[in-house]
Amino acid sequence: MEIAILIVSILLIAIVLLQSGKAEDAAQIMTGGSENLFQNRKERGGELFITRATAVLGAVFLCLCIIAQL
């Protein structure tokens, strides 16, 4: 069980690091330049896959951790 948690956690860390930021520049958040921060953006292709893979890996990690505690 611990090996499965370790593998999923490494994959989750890697997939989170692959995600692109929602804001183009971190300084825009601090300076208030957020006119395009909440803009409707459709994810396509690889970005959509990475977002869904993050959600799935997060759910699997959560389930494995709960099962390990029982």
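Above: the structure in question.
None of these values were measured; they are calculated from a predicted model.

Rules of the game
Residues numbered from 1 in each chain as written. Predicted model: local features only at pLDDT ≥ 70, side-chain atom pairs only at ≥ 80, totals over all residues. Heavy atoms only, no water. Helix = DSSP H or I, 4+ residues; strand = E, 2+ residues; numbered from the N terminus. Buried < 20%, exposed > 50% of the residue type's maximum accessible area, 1.4 Å probe, protein only. Contact = heavy atoms within 4.5 Å. Areas by Shrake-Rupley, 256 points an atom, 1.4 Å probe, with all protein chains shown as cover. Expected span 1.5 Å × (residues − 1). Arc of directions from axis to C-beta. Core = buried A, V, L, I, M, F, W, Y, C linked by side-chain atoms within 4.5 Å. Axes fitted to C-alpha atoms, helices over the stretch in contact; angles between N-to-C directions. Parallel < 35°, antiparallel > 145°, perpendicular 65-115°, else oblique. Left-handed = near helix turned anticlockwise from the far one by under 90°. Nonpolar A, V, L, I, M, F, W, Y, C, P; charged D, E, K, R; others polar. Patch = residues over 30% accessible without salt bridge, like charges linked within 9 Å, V, L, I, M, F, W, Y side chains within 5 Å. Salt bridge = Lys/Arg side-chain N within 4 Å of Asp/Glu carboxyl O.

Asks: Give me the overall build of the protein: which residues, what numbers.
Replies: Within the protein one finds 3 helices and 0 strands. Reading the protein from its N end, one meets helices and strands in the order α-α-α. Considering the protein as a whole, with its 70 residues, one finds that 16% of them fall into the buried category. Within the protein, contacts between residues separated by at least 24 positions form 71% of all contacts whose residues are at least 6 apart in sequence. If you sum the accessible surface of the protein, you get close to 5,700 Å²; carbon and sulfur atoms cover 67% of it.

Asks: Go over helix α1 (residues 2-18), please, and point to the residues and values.
Replies: End to end, α1 covers 25 Å across 17 residues, agreeing with the expected 24 Å (1.5 Å per residue, within 8%). Three or more residues of α1 are buried, namely I5, V8, S9, L12 and I15. Down the axis, α1 shows its buried residues gathered within 135 degrees of arc, on one side only. Residues of α1 that are exposed and point more than 90 degrees away from the buried face comprise I3, I10, I13, L17 and L18. The inward-facing, buried residues of α1 abut α3 (46-69).

Asks: Residue-level account of the nonpolar core, with values.
Replies: Among the nonpolar cores identified, the biggest contains 8 residues, and these are I5, V8, L12, I15, I50, A53, L57 and L64. Counting only elements with at least two residues in this core, the list comes to α1 and α3. If we ignore the near neighbours within four places in the chain, the residues touching I5 are F61, L64, C65 and A68.

Asks: Describe the packing of α1 against α3, with residues and values.
Replies: Running from N to C, α1 and α3 point in directions that differ by 155 degrees, and their axes come no closer than 9 Å. With respect to α3, the axis of α1 lies roughly antiparallel. In the packing of α1 onto α3, the handedness of the crossing is left-handed. For the pair formed by α1 and α3, the contact residues are A4, I5, V8, S9, L11, L12, I15, V16 and L18 on the first element and I50, A53, T54, L57, G58, V60, F61, L64, C65 and A68 on the second. Looking at the contact of α1 with α3, its residues break down into 16 nonpolar, 3 polar and no charged.

Asks: Go over the environment of I13 with me, naming the residues and quoting the values.
Replies: Along the chain, I13 turns up in helix α1. Here the alpha-carbon distance between I13 and T54, two residues 41 residues apart in the chain, equals 9.1 Å.

Asks: Could you give an account of a nonpolar patch on the surface, with specific residues and numbers?
Replies: On the surface, a nonpolar cluster with roughly 300 Å² of combined accessible area is contributed by I3, I7 and L11. Here I7 is to be found in helix α1. Judged by relative accessible area, which is 47%, I7 ranks as partly exposed.

Nothing here speaks to function; it is geometry throughout.
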